[in-house]
Structure formats: C-alpha cells, structure tokens
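Structure assessment
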Amino acid sequence: MSPRHFLTLQDCTPAELEHLIQRGMQLKKLRQQGIACEPLKGRVLGMIFEKSSTRTRVSFEAGMFQLGGSALFLSPRDTQLGRGEPLADSAIVMSSMLDAIMIRTFAHSTLTEFAAHSSAPIINGLSDDHHPCQLLADMQTYRELRGCIKDKTVVWFGDGNNMCSSYIEAAVQYGFNLVVSCPEGFDPDAELMRWAGSRAQIIRDPKQAVQGAHVISTDVWASMGQEAEAQARIKQFAGYQVTRELLDLADPQVLFLHCLPAHRGEEISHDLLEDPRSGVWTQAENRLHAQKALLEFLIKPSLVSND
Ligand SMILES: NCCC[C@H](N)C(=O)O
Ligand SMILES: NC(=O)OP(=O)(O)O
C-alpha cells in the first residue's frame, strides 16, 4: 500500500484537517501539564533541508523526540543527494530505513518525485510553491485565540508566494474567504485562484482589502532563493507594509499572523509584533504541536482512526 504524503493541504480532507487542529491542541495541553505522550517510540523522521530553517527544524526535531521517536538532520551537502544521487534512488533507500521524511526544498517537483518512490510518508517542510505545515499552525492558532475560522475573512498581504498558495488552499479546505492584496506582477498562482473560485479574490488597495478582516497575514517580500531581488522588491512592495493603523481598519477582533522570520521596517512596521492583536509567538510555538499531530497521523494512522 502506498503511504499518505503531506505535500499540500489538498492531501487531507477537511475532516482530517479538523482532526489535526483538535489533536494539536490536545498535545499542547498534555505538554503544558507535563504529561508524556510517546506513541512514536522507536520511530525515526529524516529531515532533508536544502534551505535554511529555524522553526521547521526545531519543531520537527523536538516534536519527534517528545513523541518518543527521534529525528535525523540530513544536509544535502553531507549526503550523496548533494553529489547527484538520483532522487528516486535516494527515496527508495531512505524510506526503507525511516518512518517519515520531511523535505524543505526549492522545486516542488523534488517533493513529488521523492514521494513517488518513497515507501514512507513525505512531508513538505516548504517548497517554492507551498508551505502547508505553516498553515496547520496558523489554523490552530486562530482556533485557540479567536474560535472557528469558517466564513471569516482572511487577508494575505504582499507576495503571492508559497505561503499565499497554501492560504488559497486553506480558504477552500477550512472554508474561509481569502483576500490577496499584492502589487501588480506579484499575483498568486492563477490556476490555484481559479480552483478556489469565490473563496479567493485579489484587492490591490490595502485599505480597501482589510475592511472587515478577521486575520491579516504577511510574509517576507523576498523569499529564500530570491535574495538577489531583495533590494528591488523593497521598492516594488512599498505601500504593502502592515502597520497598526492598517489593523485599525479591520474587524476589531482582527488577528495578525506572520510565519516569521519578520523584517521590521519592511513588510511590517517596527512595533507590530508587540501589538496586542498579534498572535505570532503563539503561531510559532504551534508549529510544534500541529506537526506532532501530523507526525502521529502519518506515521501511526491506526491511532487516529481509533480516536
Ligand atoms: N519561514 C518561512 C519563509 C517563507 C518564505 N516565503 C520563503 O519561502 O522564504
Ligand atoms: N515559518 C518557518 O517556516 O520558519 P523557518 O523558516 O524558520 O523554518
């Protein structure tokens, strides 16, 4: 039987995504109470990072340990992947020894090709096209801090990038309305926007976009791999900085989210993370709890169906 993978949010049903929120919150509570929960004893996660990471690496590694298992950091620099061993061959070998593999990479096709040859679940830890693990944490955070997100309005600010694509998928999967506010030339994936139908629209004017917003989320203007464009992008995205004044125009209960790392003075004003409407530290911590739920779901699916 081929394993379940988690490459985009479309790999789970809405009911499964709801399960992950519930289980993530439960695992968080157990940890806060100091109660051990170790369903993945003896299980090993491989983690291939072709790009830098703080939150993804720490949360997956700590998460596996807390669940009773362990995690291996695999840098392409030190493995044969970096010397040209084919992805398919690497996938066959690594998945024969590991219980799941998380990959952070550039081309999304690296993930799909690896998954096609893997006998263990593959998890997308960020590609140029998607960042679904971040959305698990974001959705858990909204639930904890504000309640159910169904039919609420979420505004994505800035670049129509990998995070934006995962927000578009989330709009459909979790049932909220997404407004993307981006400068011309940085629109989100057109095919995904069509797929989302009436759940997603573009409103370029930031002040108009935030009317009635329950969530405002943004991200770096130059993603990993776009470093050479960083200076030009600062000019191109001028006018799309999220500020306290912009939050004042949204719903009074608006929640500000940012996947981090943040760049004060660029996509956000210097004081934004300290604003009481910001949920970014809870959001960052929830990477741990949400992904523990995901690891359990993928590695020990029998536990989940017996919930
Ligand atoms: N830490 C998440 C970073 C997300 C960003 N769009 C990137 O791909 O660099
Ligand atoms: N949000 C996020 O993915 O953070 P890292 O890049 O630090 O893993």
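Bear in mind the structure is a predicted one, so any value in this text is a computation, not a measurement.

**Structural notes on the site of ligand 1**
Near ligand 1 the following residues occur: Leu126, Asn161, Asn162, Asp219, Val220, Ser223, Met224, Cys259, Leu260 and Pro261. Contacts to ligand 1 include Asn161, whose side-chain N or O atom sits 3.3 Å from a nitrogen atom. Measuring from a nitrogen atom of ligand 1, one finds a side-chain N or O atom of Ser223 at 2.7 Å. Contact with the protein chains covers 93% of the free accessible surface of ligand 1, which is 290 Å². Tallied by class, residues from the shell around ligand 1 come to six nonpolar, three polar and one charged.

**Here we look at the UniProt feature "binding site: L-ornithine" (unreviewed entry) in the protein chain**
Within this structure's numbering, the places UniProt gives as "binding site: L-ornithine" (unreviewed entry) are Asn162, Asp219, Ser223 and Met224. Considering the C-alpha atoms alone, the annotated residues occupy 63 residues of sequence yet fold into one spot, their largest mutual distance being 11.5 Å. Mapping Asn162 onto the fold places it in helix α6 (residues 162-174). Owing to a relative accessible area of 6%, Asn162 belongs among the buried residues under this scheme. Each residue touching Asn162, except ones within four places of it in the same chain, is listed here: Leu126, Ser127, Asp128, Asp129, His130, His131, Asp219 and Ser223. Looking at the element boundaries, Met224 is found in the loop between β8 (215-218) and α9 (230-236). When residues no more than four places from it in sequence are discounted, the contact partners of Met224 are Lys51, Ser52, Arg104, Leu126 and Asp128.

**A look at the confidence of the model for the protein chain**
Residues with a pLDDT of 70 or more make up 99% of the protein chain, whose mean pLDDT is 97. Overall fold confidence (pTM) sits at 0.98, and the ipTM for the predicted complex is 0.99.

**Description of the pairing of strand β1 (residues 44-49)**
Side chains on a regular strand alternate between the two faces of the sheet. Where burial is concerned, most of β1 is hidden: five out of the six residues are buried. Bridge count between β1 and strand β2 (residues 70-74): five bridges; the pairing is parallel. If you follow Met47 over to β2, its bridge partner there is Phe73. Where β1 meets strand β3 (residues 100-104), five bridges bridge the pair, whose relative direction is parallel. Bridge pairing links Gly46 to Ile101 in β3.

**Re the site of ligand 2**
The local shell around ligand 2 consists of Ser53, Thr54, Arg55, Thr56, Arg104, His131, Gln134, Cys259, Leu260 and Arg287. In this structure, a nitrogen atom belonging to ligand 2 sits 2.8 Å away from a main-chain N or O atom of Cys259. Separating a nitrogen atom of ligand 2 from a backbone N or O atom of Leu260 is a distance of 3.2 Å. Protein burial of ligand 2: of its 250 Å² of free accessible surface, 95% is covered by the chains. For the shell around ligand 2, the residue count by class is two nonpolar, five polar and three charged.

**Details of the sheet that holds β1**
Pairing within the open sheet is parallel, and its four strands lie in the order β2-β1-β3-β4. The open sheet terminates on both sides in strands that have one partner only, identified here as β2 and β4 (122-124). If you compare each strand with its neighbour and ignore which way they point, the axes differ by 20 degrees on average.

**Overview of the pattern of salt bridges**
For the structure on display, the rule yields 16 salt bridges. With a shortest N-O distance of 3.7 Å, Arg43 and Asp99 are connected by a salt bridge. Of the two residues, Arg43 is situated in the loop between α1 (14-32) and β1 and Asp99 in the loop between α3 (87-97) and β3; the sequence distance between them amounts to 56 residues. Between Arg277 and Asp275 there is a salt bridge, with its nearest N and O atoms 2.9 Å apart. Asp275 matches Arg277 in its accessibility class, with the two residues each being buried. A single network of salt bridges, built from pairs that share partners, joins Arg244, Asp248, Asp271, Asp275 and Arg277.

**Points about the sheet that holds β8**
Ordered in space as β7-β6-β5-β8-β9, the five strands form an open sheet in which the pairing is parallel. The open sheet is flanked by β7 (200-202) and β9 (255-258), the only strands paired with a single partner. Strand-to-strand twist across the sheet, computed as the mean angle between neighbouring axes with direction ignored, equals 20 degrees. One ladder, built from four bridges, connects β8 with β9; its direction is parallel. The residue of β9 that forms the bridge with Ser217 is Leu257. Running over the sheet, helix α5 (residues 132-145) touches β8 and β9 and is turned about 155 degrees from β9.

Each value, and the rule that gives it
- Residues numbered from 1 in each chain as written.
- Chains lettered and ligands numbered in written order.
- Predicted model: local features only at pLDDT ≥ 70, side-chain atom pairs only at ≥ 80, totals over all residues.
- Heavy atoms only, no water.
- Near = heavy atom within 4 Å.
- Polar contact = N/O pair within 3.5 Å; in protein donor to acceptor, adjacent residues only side chain to side chain.
- Areas by Shrake-Rupley, 256 points an atom, 1.4 Å probe, with all protein chains shown as cover.
- Nonpolar A, V, L, I, M, F, W, Y, C, P; charged D, E, K, R; others polar.
- UniProt positions renumbered as here; feature names shortened; annotations may be inferred.
- Helix = DSSP H or I, 4+ residues; strand = E, 2+ residues; numbered from the N terminus.
- Buried < 20%, exposed > 50% of the residue type's maximum accessible area, 1.4 Å probe, protein only.
- Contact = heavy atoms within 4.5 Å.
- pLDDT = per-residue confidence, 0-100.
- Pairing = 2+ DSSP bridges.
- Axes fitted to C-alpha atoms, helices over the stretch in contact; angles between N-to-C directions.
- Salt bridge = Lys/Arg side-chain N within 4 Å of Asp/Glu carboxyl O.

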